[in-house]
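Inside the fold
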Amino acid sequence: QVQLVESGGGLVQPGGSLRLSCTASGNSFSFNIMDWHRQAPGKEREFVAVIRSGGTTVYADSVKGRFTISREDAKNTAYLQMNSLKPEDTAIYYCRAFGNGRVYWGQGTQVTVSS
């Protein structure tokens, strides 16, 4: 059974940084696409960033220039480096992966940006 586990969330002050990790287990195949989404209280889940197997990346306008997505296939892990964090970045961050004809979601990790 394929599982995605996010880690690295927490409480950080505005202007600070966090690095989220998404580690997969149970897969015998590579993921074509890995991406991050987030959901703030009272809002719909929204796209944050995606990275394809060839390394191509796309970002939401709201995080462009501040967040960086990367992946390390040897470790079955994707990362989201978040810099210059703002209070509006507060949300639960979810990892998603596409592979073997299916889509997989992690359980999410809470990120809170507050002074």
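Let me sum up the structure you'll find in this document.

Parameters at a glance
Residues numbered from 1 in each chain as written. Predicted model: local features only at pLDDT ≥ 70, side-chain atom pairs only at ≥ 80, totals over all residues. Heavy atoms only, no water. Helix = DSSP H or I, 4+ residues; strand = E, 2+ residues; numbered from the N terminus. Rg over C-alpha atoms; globule rule 2.2 N^0.38 Å. Buried < 20%, exposed > 50% of the residue type's maximum accessible area, 1.4 Å probe, protein only. Disulfide = S-S within 2.5 Å. Contact = heavy atoms within 4.5 Å. Polar contact = N/O pair within 3.5 Å; in protein donor to acceptor, adjacent residues only side chain to side chain. Pairing = 2+ DSSP bridges. Axes fitted to C-alpha atoms, helices over the stretch in contact; angles between N-to-C directions. Core = buried A, V, L, I, M, F, W, Y, C linked by side-chain atoms within 4.5 Å.

**Brief notes about the overall build of the protein chain**
When helices and strands are tallied, the protein chain shows zero helices and eleven strands. Moving toward the C terminus, one meets the helices and strands of the protein chain in the order β-β-β-β-β-β-β-β-β-β-β. The C-alpha atoms of the protein chain give a radius of gyration of 13 Å, which matches the 13 Å a tight globule of 115 residues would have. With the principal axes as the frame, the protein chain shows a C-alpha extent of 45 × 25 × 25 Å. Here the protein chain, with 115 residues, has 43% of them falling under the buried criterion.

**Considerations on the state of the cysteines**
Taken as a whole and assessed by the stated rule, the structure comprises one disulfide. Linked covalently through their sulfurs, Cys 22 and Cys 95 form a disulfide whose S-S length is 2.0 Å. Its S-S torsion of about -75 degrees marks the bond between Cys 22 and Cys 95 as left-handed, since a negative value means left-handed. Placement of Cys 22 in strand β3 (residues 18-25) and of Cys 95 in strand β9 (residues 91-99) is noted, with a sequence separation of 73 residues between them.

**A look at the environment of Asn 83**
Tracing the backbone shows Asn 83 in the loop between β8 (77-82) and β9. Residues Asn 83 and Gly 16 lie 67 residues apart in sequence; the distance between their C-alpha atoms is 6.1 Å. Leave out the neighbours within four places in its chain, and Asn 83 touches Gly 16, Ser 17, Arg 66 and Phe 67. Reaching out from Asn 83, the side chain makes a polar contact with the side chain of Ser 17 at a distance of 2.9 Å.

**A look at the sheet that holds β8**
Read from one edge to the other, the open sheet built from four strands follows the order β1-β3-β8-β7, with strand pairing classed as antiparallel. Each edge of the open sheet carries a strand with a single partner, namely β1 (3-7) and β7 (67-72). Here the strands of the sheet are splayed against their neighbours by 15 degrees on average, with no regard to which way each runs. As defined by bridge partners, β3 adjoins β8 across six bridges and the pair is classed as antiparallel. Residue Cys 22 lies in a different strand from β8, and its bridge partner there is Ala 78.

**Remarks on the nonpolar core**
Among the nonpolar cores identified, the biggest contains 30 residues, and Phe 31, Trp 36, Leu 80, Met 82 and Tyr 93 are the most heavily contacted of them. Of all the elements in the fold, those that place two or more residues in this core are β3, β4 (33-39), β5 (46-52), β7, β8, β9 and β11 (109-113). Discounting chain neighbours no more than four positions away, the residues touching Tyr 93 are Glu 6, Leu 20, Trp 36, His 37, Arg 38, Val 48, Phe 67, Leu 80, Met 82, Gly 108, Thr 109 and Val 111.

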